[in-house]
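Geometric and topological summary
Spelled out, the chains give:
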Amino acid sequence: MGFFTNKGFQPKRASNPKLPPGQYETTDFPVLTAGPTPRINLTNWEFRLEGLVEEPVKWSWEEFNQLPMQDFNPDIHCVTKWSKFDTHWRGVSVDTLLEHVQLKPEAQFVTEFSYGGYTTNLPLADLRNGKAFVGLVYDGQPLTPEHGGPARLVVPHLYFWKSAKWVQGLRFTAQDEPGFWERGGYSMYGDPWKEQRYRDDDDDAASASSIRL
Amino acid sequence: MSIIVWQLGTVVSIVPETPRVKTFTLKLPNWTPHRAGQHYDLRLTADGGYQAERSYSVASPPEQRGEIALTVELVEEGEVSGYLFEGVAVGDELEVRGPIGGYFVWRGEPTSPPLLLVGGGSGVVPLMAMLRHRQHLGLRTPAALLFSVRTPEEVIYKAELEAMAQADDSFALLLDYTRQAPPGWAGYQRRIDAAMLAEVVARFGTATPQAFVCGPTGLVEAVANGLQAAGLPPEAILTERFGPTGG
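Cut-offs used in this document
Residues numbered from 1 in each chain as written. Chains lettered and ligands numbered in written order. Predicted model: local features only at pLDDT ≥ 70, side-chain atom pairs only at ≥ 80, totals over all residues. Pairing = 2+ DSSP bridges. Helix = DSSP H or I, 4+ residues; strand = E, 2+ residues; numbered from the N terminus. Axes fitted to C-alpha atoms, helices over the stretch in contact; angles between N-to-C directions. Domains from an automatic or database assignment. Contact = placed C-beta atoms within 7 Å. Nonpolar A, V, L, I, M, F, W, Y, C, P; charged D, E, K, R; others polar. Buried ≥ 20, exposed ≤ 12 C-beta atoms within 10 Å, placed from the backbone. Parallel < 35°, antiparallel > 145°, perpendicular 65-115°, else oblique. Left-handed = near helix turned anticlockwise from the far one by under 90°.

**Considerations on the sheet that holds strand 5 (residues 67-73) of chain B**
Residues and elements named next belong to chain B. With antiparallel pairing, the six strands of this open sheet are ordered in space as 4-3-6-1-2-5. Every other strand in the sheet has two partners, leaving strand 4 (51-57) and strand 5 as the edge strands with one partner each. Averaged over all pairs of adjacent strands, the angle between strand axes in this sheet comes to 40°, irrespective of strand direction. Bridging between strand 1 (residues 7-18) and strand 2 (residues 21-27) involves seven bridges; their strand directions are antiparallel. Bridging across to strand 2, I14 finds its partner in F24.

**A closer look at the domain arrangement of chain B**
The extent of an interface is frequently quoted as the accessible surface area lost upon association of the parts. Residues and elements named next belong to chain B. We note that the domain assignment places domain 1 (7-100) and domain 2 (115-242) within chain B. Measuring from the centre of the C-alpha atoms in domain 1 to the corresponding centre in domain 2 gives 24 Å. In this complex, domain 1 contributes 15 residues to the contact, which on the side of domain 2 involves 14 residues. Taken together, the residues of the side of domain 1 that touches domain 2 break down into seven nonpolar, five polar and three charged.

**So, the environment of A:W89**
All names here are of chain A. Note on placement: W89 falls in strand 7 (residues 89-93). Sequence spacing of W89 and E146 is 57 residues, and the spatial spacing of their C-alpha atoms is 16 Å. With near-sequence residues (within four places) excluded, W89 lies in contact with F72, G135, V137, Y138 and V154.

**Focus: unusual backbone geometry**
Glycine aside, residues mostly have negative phi, and peptide bonds are mostly found in the trans state. Residue A:P150 is reached from A:G149 by a cis peptide bond, and omega for that bond is 15°. Summarising the element assignment, A:P150 is placed in the loop between strand 11 (141-142) and strand 12 (152-154). Look at the link from B:G98 to B:P99: it is a cis peptide, with omega at 0°. Not every positive phi belongs to a glycine, and A:N129 is a case in point at roughly 55°. Residue placement: A:N129 occurs in the loop between strand 9 (119-123) and strand 10 (133-138). When the 10 C-beta atoms within 10 Å are taken as the criterion, A:N129 is described as exposed. Unusually for a residue other than glycine, B:Y157 sits at a positive phi of about 60°. Among the secondary structure elements, B:Y157 is positioned in the loop between strand 8 (143-149) and helix 3 (158-167).

**As for the packing of helix 4 (residues 194-202) of chain B against helix 5 (residues 217-229) of chain B**
Residues and elements named next belong to chain B. Contact geometry for helix 4 and helix 5: axes closest at 9 Å, N-to-C directions at 60°. Classified by the interaxial angle, the pair formed by helix 4 and helix 5 is oblique. Crossing hand, helix 4 versus helix 5: right-handed. Along its contact with helix 4, which presents A194, L197 and V201, the element helix 5 presents V223, G226, L227 and A229.

Rendered as structure tokens:
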């Protein structure tokens, strides 16, 4: 199907090497969620590291805000086709969080879990070495609820559904366990540069045959 | 079920719905039945290989076999919608893949709870697939559509929705004109608010309806919050948001 072209179709937008295939740039910050935005009371808020760890840890909102923070300016890419360049966040690197736990050797994957029941999965390696952070501040303001506030995980090198809004913690697992959209046929990994939107786009043919929409 | 691969559909009809909305019906060589509420991805390719992709909800019910109807709103500066409106004629081919999306769907089982649909503008499209599916199944599951538009000329599927409401006592069509209502209009004419949603929920009596909400982000946020204030549990509210950059 690679030779098909739409006659008369011309790009309206300049091509940009920062733009993965099939994406277009937006300067808005669109919202995508499957249900109502959860309202989270900061007095009850907590963030947990659990699963395949020697000793689970959890932080209250106050404790979490005392962790060392950094600025992050990633490009982000949503599977619904928009990309947004040079966003401005402040938050806690996942590397910083991992200093507080001893992972068991069989921990290879992670399920991010959220207030409201959302989950998403990815390999542990994709959260380490500066690749991911928990964002608390966006554009100089506390992250708003519709964008995942008070805290959302941000994993900018994968499609943005891998960046769980309203994140409550990380569960370390031995197997790659499909999360909310992944169970509905979305990619297990979600690399925007390989355009891994759906399970059929994943490299691994075996996993592609196991779940269908 | 379906493998999501690109296929070339042939445009068999183009119907203007409003001044800024058209329905493109495509005949597909590898059609598979979708669920009401699912979408297709559509991809345009230029001579140099440049591609632009967008997602569009299917408006047709799964009973309309072999083809899909995509209702598209012309977006300001829209790269894809602009080409579809200007450059596509009946007989042309368009590359699509789907059906996609397993969450914002209504299966139409006889035991399904009552259906509360809230749409803003072109957010009505996946809700229309649900209503058409319900009609084809001959279900009398109570259903209501609260459809918010700015002006009378923006009511997509107006004649069909009115006919559906005429023919079926168990379906209520509740139009809401936020900017300009038709002369003599006695219905809603303000932005959807908590009081309006409480009235709509009250139509279902003691039953808890399944709500599907689709439209621009501001409307979806307000409606999802208002439905919870009216007593619906979060799991009874499914949302799909159309950003301002739908392309």
